[in-house]
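Spelled out from the first residue to the last, the chains are:
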Amino acid sequence: FQVFSLSETRKIEDDGVTFRSHIDGSTHRFTPEKSIAIQENLGADIIMAFDECSDPNDQAYTAVAMRRTHAWAERCLRAKTRSDQALFGIIQGGVVPELRIKSALFIASLDTPGIAIGGLSVGETKEEMYSTLDIIEPYLPPGKPRYLMGVGTPEDLIQGIARGVDIFDCVLPTRLARHHAAFSPEGRLNLMNASFARDARPIDASCDCYTCRTFTRAYLRHLITAKELLAGTLLSIHNLRALIRLVADIRSSILDGTFESRVPTWLDQWQGNAERRREAESE
């Protein structure tokens, strides 16, 4: 994703990527082999193959990036030396069904311990993302974890899990916190709003996080207006806990066989309420 997001300061070739530092203008070269060496040095339990994430609306280049991703995945496997780290291959192919299927089949053939789904939540519509997950699901090994990269809204977790995804990651909980927003069953709350100035309620009365057990919406708004960095920390604590609680609830429902019947309720709670709140605030 960094290769994708730093498009103004990098050059991509079949051998690797050259970056120009945004700090001092110095150049740096990254190859699949160097990527693996760095990750082995960091010692992560799960490491990722070096891949190229392309613009989902550019079908011609997406095909090129997918072929490069496949070649780089093979090089990453050959470069890997540590047996205590799980290397995941990454599926690319934009929102083109035939490319996604081809990529899913190729990455599955590498027999990596898990499979990542990359190149989504980068500009395509929600419908295209969900459709892509539906398309590739039959081609993924049933016994290996599936990781949807860069996705993290409550509704996307629900929709992703319903399509067989096991692992997610996203900067959204902390990014929202830096911008004064909190996840809530009422919809996303912007605690900068004056309506919270005397609101003695926690963000979410049902939440057991430190923030909700200790502070009111009014106090959090005070921290925000006073430009106290503590506001971002407290909102991050809550946002992360909100997602963890949601996924724990989903996990329990899978175990007791009620997941499918509860999906509409969860989506109405997290997505429907958010849409209704936006409509109310715009009136």
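Computed from a predicted structure; not experimentally measured.

Novice: What's the story with the overall build of the protein chain in this structure? I'm lost.
Specialist: Along its length, the protein chain carries 11 helices and 10 strands. By the compact-globule yardstick of 19 Å for 283 residues, the protein chain fits well, its C-alpha radius of gyration being 21 Å. In terms of its C-alpha atoms, the protein chain occupies a principal-axis envelope of roughly 60 × 50 × 40 Å. Within the protein chain, the fraction of its 283 residues that count as buried is 45%. In the protein chain, of all internal contacts separated by at least 6 residues, the share reaching a separation of at least 24 is 58%. Carbon and sulfur atoms make up 53% of the accessible area of the protein chain, which amounts to about 14,500 Å² in all. Positive and negative side-chain charges in the protein chain, numbering 33 and 38 respectively, have mean positions lying 4 Å apart.

Novice: Teacher, can you tell me more about the sheet that holds strand 3 (residues 27–30) here?
Specialist: The pairing of strands in a sheet comes from backbone hydrogen bonds and takes either a parallel or an antiparallel form. Across the sheet, 3 strands lie side by side as 1-2-3; this open sheet has antiparallel pairing. Every interior strand has two partners, whereas the edge strands, strand 1 (10–13) and strand 3, have only one. The mean angle between the axes of side-by-side strands here comes to 15 degrees, regardless of whether they run parallel or antiparallel. Two elements, strand 1 and strand 2 (residues 16–20), share 4 bridges in a ladder whose sense is antiparallel. Following the sheet pairing, Lys 11 is matched in strand 2 by Thr 18. Along the sheet, helix 3 (residues 59–79) contacts strand 1 and strand 2; its crossing angle with strand 1, the most-contacted strand, is approximately 70 degrees.

Novice: Got a minute to help me understand the nonpolar core in this structure?
Specialist: In globular proteins that are soluble, nonpolar side chains generally tend to be buried together. Counting 26 residues, the largest nonpolar core has Ile 91, Ile 117, Leu 140 and Leu 148 as the members making the most contacts within it. The set of elements that each furnish at least two residues to this core consists of strand 2, helix 3, strand 5 (86–91), helix 4 (97–109), strand 6 (114–117) and helix 5 (126–136). Among the elements that make up this core, the one with the highest residue count is helix 5 (4 residues). With sequence-adjacent residues up to four places away left out, Ile 91 is seen in contact with Arg 100, Ser 103, Ala 104, Ile 107, Ile 115, Ala 116, Ile 117, Gly 118, Ile 136 and Leu 140.

Novice: It is not clear to me how the side chain of Arg 146 should be interpreted in this structure. Could you clarify?
Specialist: Structurally, Arg 146 is set in strand 7 (residues 146–148). Here Glu 137 takes part through its side chain, which lies 3.1 Å from a polar atom of the side chain of Arg 146.

Novice: Any chance you could explain the pairing of strand 2 here in plain terms?
Specialist: Two faces, one strand: in a regular strand the side chains alternate between the faces of the sheet. As consecutive antiparallel partners, strand 1 and strand 2 are separated by 2 residues. In this structure, strand 2 lies alongside strand 3, joined through 4 bridges in antiparallel fashion. Counterpart to Phe 19 in the pairing with strand 3 is His 28. What sits between the antiparallel neighbours strand 2 and strand 3 is a turn of 6 residues, in which Gly 25 has the positive phi angle 80 degrees.

Novice: It is not clear to me how the packing of aromatic side chains should be interpreted in this structure. Could you clarify?
Specialist: Working definition: an aromatic ring pair is given by the centre-to-centre distance plus the angle between the planes. As enumerated under the stated definition, the model contains 5 aromatic pairs in all. Centre to centre, the rings of Phe 50 and Trp 72 are 4.8 Å apart; their planes meet at 20 degrees, and the pair counts as stacked. One end of the pair, Phe 50, is in the loop between strand 4 (46–48) and helix 3; the other, Trp 72, is in helix 3, with 22 residues separating them in the sequence. Take Phe 50 and Trp 72: they sit in the same class, and that class is buried.

Novice: Can you help me understand the packing of helix 5 against helix 6 (residues 154–162) in this one?
Specialist: For any two helices packed against each other, one specifies the crossing angle of their axes together with the interaxial distance. At a minimum axis separation of 10 Å, helix 5 and helix 6 run at an interaxial angle of 25 degrees. Looking at the two axes, helix 5 sits roughly parallel to helix 6. Crossing handedness for the pair helix 5 and helix 6: right-handed. Touching Lys 126, Met 129, Tyr 130 and Leu 133 of helix 5 are Glu 155, Asp 156, Gln 159 and Gly 160, all from helix 6. By residue class, the composition of the contact of helix 5 with helix 6 is 3 nonpolar, 2 polar and 3 charged.

Novice: Would you explain the side chain of Asn 239 in this entry?
Specialist: Examined against the element boundaries, Asn 239 turns out to sit in helix 10 (residues 230–256). For Asn 239, the side chain forms a polar contact with the main-chain nitrogen of Phe 183, separated by 2.8 Å. Excluding residues within four positions of it along the chain, Asn 239 makes contact with Pro 173, Leu 176, Ala 177, Ala 181, Ala 182 and Phe 183.

Novice: Would you mind going over the sheet that holds strand 4 with me for this structure?
Specialist: The 5 strands lie next to each other as 4-5-6-7-8, forming an open sheet whose pairing is parallel. Edge positions in the open sheet fall to strand 4 and strand 8 (167–168), since each of these has one partner strand only.

Novice: I'm lost on the pattern of salt bridges in this one. Help?
Specialist: Two side chains of opposite charge can pair, provided their charged atoms sit close to one another. Tallying each qualifying case throughout the model produces 18 salt bridges. The shortest N-O distance in the salt bridge between Glu 186 and Arg 217 comes to 2.6 Å. In this pair, Glu 186 is assigned in the loop between strand 9 (181–182) and strand 10 (189–190) and Arg 217 in helix 9 (residues 217–225), connecting sequence segments 31 residues apart. Accessibility expressed as a relative area gives 31% for Glu 186, which makes it partly exposed. A salt bridge links Asp 208 to Arg 241; the nearest nitrogen and oxygen atoms lie 2.8 Å apart. A residue pair is termed long-range when its members are at least 10 positions apart, and Asp 208 in the loop between strand 10 and helix 8 (210–214) and Arg 241 in helix 10 qualify at 33 residues. Its relative accessible area of 28% is what places Arg 241 among the partly exposed residues. Through salt bridges with shared partners, a single network forms among Lys 11, Glu 13, Asp 15, Arg 29, Glu 33 and Arg 75.

What counts and what doesn't
- Residues numbered from 1 in each chain as written.
- Predicted model: local features only at pLDDT ≥ 70, side-chain atom pairs only at ≥ 80, totals over all residues.
- Heavy atoms only, no water.
- Helix = DSSP H or I, 4+ residues; strand = E, 2+ residues; numbered from the N terminus.
- Rg over C-alpha atoms; globule rule 2.2 N^0.38 Å.
- Buried < 20%, exposed > 50% of the residue type's maximum accessible area, 1.4 Å probe, protein only.
- Contact = heavy atoms within 4.5 Å.
- Areas by Shrake-Rupley, 256 points an atom, 1.4 Å probe, with all protein chains shown as cover.
- Lys, Arg positive; Asp, Glu negative; His and termini not counted.
- Charge placed at Lys NZ, Arg CZ, Asp CG, Glu CD.
- Pairing = 2+ DSSP bridges.
- Axes fitted to C-alpha atoms, helices over the stretch in contact; angles between N-to-C directions.
- Core = buried A, V, L, I, M, F, W, Y, C linked by side-chain atoms within 4.5 Å.
- Polar contact = N/O pair within 3.5 Å; in protein donor to acceptor, adjacent residues only side chain to side chain.
- Phe/Tyr/Trp six-rings, centres within 6.5 Å; stacked < 30°, edge-to-face > 60°.
- Parallel < 35°, antiparallel > 145°, perpendicular 65-115°, else oblique.
- Left-handed = near helix turned anticlockwise from the far one by under 90°.
- Nonpolar A, V, L, I, M, F, W, Y, C, P; charged D, E, K, R; others polar.
- Salt bridge = Lys/Arg side-chain N within 4 Å of Asp/Glu carboxyl O.

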